[in-house]
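Descriptive structure summary
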Amino acid sequence: MARLHSAAELEALRAEILAGRDSGKPCIAVCAGAACDGMDSAAVAAAFLAEAGKQNLGDRLEVRTTGCHGYCEKGPNVVVSPGEICYFEVSPADVPEIVAATLKGEVVERLVYRDPVSGAKAVHMNEVPFYKHQMRLLIGDNPKIDPMKIDDYLAVGGYAALVKALSSMTPEQVLDEVKKANLRGRGGGGFPAGSKWETTRNAPEKIKYVIVNGHEGESAAFMDRAMLTGNPHKVLEGLIIGAYAIGAQKGFMYTRHDMPLLEKHVRNALAQAKEYGLLGENILGSGFDFEVELHFDVGIFVSGESSALMRSIEGNAPEPRPKYIRTSVSGIWDKPSNLNNVETWANVPQIISRGAAWFTSIGSEKSRGTKLISLSGNVVNSGVVEVPMGTPLRTLVHDIGGGVRDGKTLKAIHFGGAMGGSIPAALIDAPLEFDGMSKLGAPIGAGGLLLMDEDTDMVEVARYLLDFLTKESCGKCAPCREGMKQMLQLLTGLTEGRGKAGDLERLQDLMEVTGLSSLCALGKTSPDPLKSMFRYFRPEFEAHIPGNAAGGSGDTK
Amino acid sequence: MNMMCEQKIDGIIEKYRGQPGSLIHALVEIQHENRWLPREVMHRVAEALEVPFAQVLQIASFYKTFSLTPKGRHEVHVCTGMTCHLRGAAKLLAKVEELTGLKDGETDAQARFTLETGACLGSCSIGPELIVDGRHYGRMTPDKAEDVLNRYE
Ligand SMILES: Cc1cc2nc3c(=O)[nH]c(=O)nc-3n(C[C@H](O)[C@H](O)[C@H](O)COP(=O)(O)O)c2cc1C
Ligand code: FES
């Protein structure tokens, strides 16, 4: 791989890559995402390679291992192009048949999607219900890319936005475009990315940092790792463009330590980008220098919080600090540091190449663009989903998710993991929106959406979530450390049939105090799930208090 | 600790000599290599990276990834994330506890298994999950768990 010295050289390379590819040649994409991997997709990929080798098909067929395709529930997933024919629950034994059919331009009917009710078949990706109601701007390239090959990313138009930014836009213009796009942070807060970038850009200090938050500690959230593992260059391209706009010389990727494939792909992406001169000195001859360092969390939830994350990058214990010092002004080693979520960064390239006007045409008024959602819990089709902001939850739950498992009815929809909230099934027509969902008491958070069926005991869920957070509190401030512990004890009492009069009032007090006086958002938002459950499911809690109509039994299951 | 491991640990420590900012990197690499952090090794890290021993201990005890005691030959992990929980992880965990005789964080006397729980490993679609030495076993039931564990000596 030779270093590229200019935008023209990169475009020449792209043309050469495309010229060397025959779009008619069939390609078999085997998903190696976290869920498919757990169903041993590696054996499926190996079987395809062996079959291609045995029949000497090197120039007639391509086999590609990729990141998560989206429909995790039905893994191991295989997509054959051209035509994006989707095969589900593929086993190594199915491989010879798929290869034979593919070479003849045929379809293996028994492995395609079948509607569980009508039995109707869906062969192509755009016909499969799980996919057809989505708008896959960010995750859609995953089946087309081997995450270990930068050339695959270039072949789908990768780094064109970087070329455009460096060769025809000033940093101010890039910043302006992101501001106009009203891109809001996808990591939980929904804070406008443009204004945060501007704060760091305008901070007087010369040395500045940009950071990718790929920690993804929220329980039942898996879309960030699907994005970063499956298409690391998209996130990196966004980061480089951001660094150019902000005036940062150095970036950090902070991600999970416990996903070997994620680490491998990101390391490799950084090395390949460096070889091509997309990182390093004088990127594409623009005079802009930028380096990226990879860092890992060490298995604790709070290290995803911005100030804690930065302490961790410095090599210290990840204790958060009060918010009055903003990290965008004084972050890593007290230098201005702009932190954004994986998905936020992944949105940047398309905003630059297609423009803010295009971006703002998607989504709802206050929440633009699409949102990645991890759909799981008691849902029929779990997986990584991408829909325009403003999409009614009903579309997510029923059209895409296929409703509740085992023919049960929906009781509640939970968003945002342990810092989110639950709303009753009756609110299913609410649109997916930062502000609207927060008002309802189920803030989107990072985007983990869980369905809970009729058998779910909400008191037990509240206890479970607090138990999780209690173990994750860093212990620095007393309200969080002690407040959560007291709430947990009361809730445990309720679930074990030891509820007593006054418990709910005491919980109410503790929620307020912990929420108001904790140091960081972990403690501040720790009562949120319980608050939402008090709001919508209070009778269930009352039923655990003796003297109430429904009696004091802890057994509602 | 065998000789190979010893050499690798020395290599890691040398790589980060004089770089206090790389403390976590060094400890993570040693943990991955050796699967626990002996006190004597932490002393050497402190000295080479020029950080107080107390700081090394603070980091090593704060993060769950680090183990200050030796682990079993096989690390058994039950995911207790929300989806696994909703789909029956508690029953799976109870069965694994019964089979191994261990609670979260414990290692048996023969050093065969170390049991761990944690959330969330992000393979929610195939939960409940049992993970042994990094290999995922999806859609796990209490019945199947015995079979899986029997494969590890
Ligand atoms: C306890 C806690 C955990 C968090 N974990 C994450 C995380 O895993 N990923 C993430 O992007 N943001 C996480 N956040 C939010 C970050 O602090 C920060 O707001 C976010 O990364 C900013 O990126 P954005 O503006 O692009 O959303 C967490 C916050 C708290 C309080
Ligand atoms: S992991 Fe294969 S589709 Fe998500």
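Residues numbered from 1 in each chain as written. Chains lettered and ligands numbered in written order. Predicted model: local features only at pLDDT ≥ 70, side-chain atom pairs only at ≥ 80, totals over all residues. Heavy atoms only, no water.

**Focus: the pattern of salt bridges**
Note the following rule: By definition, a salt bridge exists where a carboxyl oxygen of Asp or Glu is found within 4 Å of a side-chain nitrogen of Lys or Arg. Comment: elements are numbered from the N terminus, with helices defined as DSSP H or I runs of at least four residues and strands as E runs of at least two. Here's how the labels work: a residue is buried when its accessible area is under 20% of the maximum for its type, exposed when over 50%, partly exposed in between, all with a 1.4 Å probe on protein chains only.
Summed over the entire model, instances satisfying the criterion amount to 48 salt bridges over all chains. A salt bridge links Glu343 of chain A to Arg186 of chain A; its shortest N-O distance comes to 3.8 Å. Linking Glu343 of chain A in helix α14 (residues 342–354) with Arg186 of chain A in the loop between α8 (171–181) and α9 (193–202), this pair joins segments that are 157 residues apart in sequence. Glu40 of chain B serves as the salt-bridge partner of Arg44 of chain B, at 2.5 Å between the closest nitrogen and oxygen. Of this pair, Arg44 of chain B and Glu40 of chain B are both found in helix α3 (residues 39–49), four residues apart, which corresponds to roughly one turn of the helix. Classification of Arg44 of chain B as partly exposed rests on a relative accessible area of 23%.

**Digging into the sheet that holds strand β11 (residues 370–377) of chain A**
Pairing between the strands of a sheet comes from backbone hydrogen bonds, and it takes one of two forms, parallel or antiparallel. Residues and elements named next belong to chain A. Which entries qualify depends on this criterion: Following DSSP output, two strands are said to pair if at least two bridges run between them. A fitted line through C-alpha atoms represents every axis, and for helices the fit uses only the stretch in contact; the resulting angles, taken between N-to-C directions, go from 0 to 180 degrees. Contacts: residue pairs with any heavy atoms within 4.5 Å of one another.
Read from one edge to the other, the open sheet built from five strands follows the order β12-β11-β15-β13-β14, with strand pairing classed as mixed. Each end of this open sheet is capped by a strand with a single partner; those strands are β12 (383–388) and β14 (421–424). Taking the axes of each pair of neighbouring strands and ignoring which way they run, one obtains an average angle of 30 degrees across the sheet. Two strands pair when backbone bridges link them, and strand β13 (residues 410–415) and strand β15 (residues 448–453) are joined in this way by five bridges, in the antiparallel orientation. Residue pairing in the sheet places Ala412 in a bridge with Met452 of β15. Lying on the sheet, helix α10 (residues 223–230) is in contact with β11 and β12; it crosses β11 at an angle near 120 degrees. Each of β13 and β14 touches helix α22 (residues 528–542); the most contacted strand, β14, lies at about 35 degrees to it.

**Here we look at the domain arrangement of chain B**
This is how it is decided: Segmentation of the chain into domains, including their bounds, is taken from an automatic or database domain assignment.
The assigned domain composition of chain B is domain 1 (3–62) and domain 2 (74–150). For domain 1 of chain B versus domain 2 of chain B, the separation of C-alpha centres amounts to 29 Å.

**So, the nonpolar core**
Applicable threshold: Residues belong to a common nonpolar core when they are buried Ala, Val, Leu, Ile, Met, Phe, Trp, Tyr or Cys residues joined through side-chain atoms within 4.5 Å.
With 141 residues, the main nonpolar core has Tyr159, Leu236, Phe290 and Phe541 of chain A as its most contacted residues. Ranked by size, the runner-up nonpolar core spans 35 residues in total, among them Val79, Tyr131, Leu410 and Met437 of chain A.

**Some thoughts on the sheet that holds strand β7 (residues 209–214) of chain A**
All names here are of chain A. Taken in spatial order, the four strands line up as β9-β8-β7-β10 in an open sheet, and their pairing is parallel. Looking along the sheet, the strands with just one partner apiece sit at the ends: β9 (291–296) and β10 (337–341). If you compare each strand with its neighbour and ignore which way they point, the axes differ by 20 degrees on average. Pairing analysis gives five bridges linking β7 to β10, with the strands arranged parallel. Residue pairing across strands places Tyr209 opposite Ser337, the latter belonging to β10. Packed on one face of the sheet, α9 meets β7 and β10 and runs near 160 degrees to β10.

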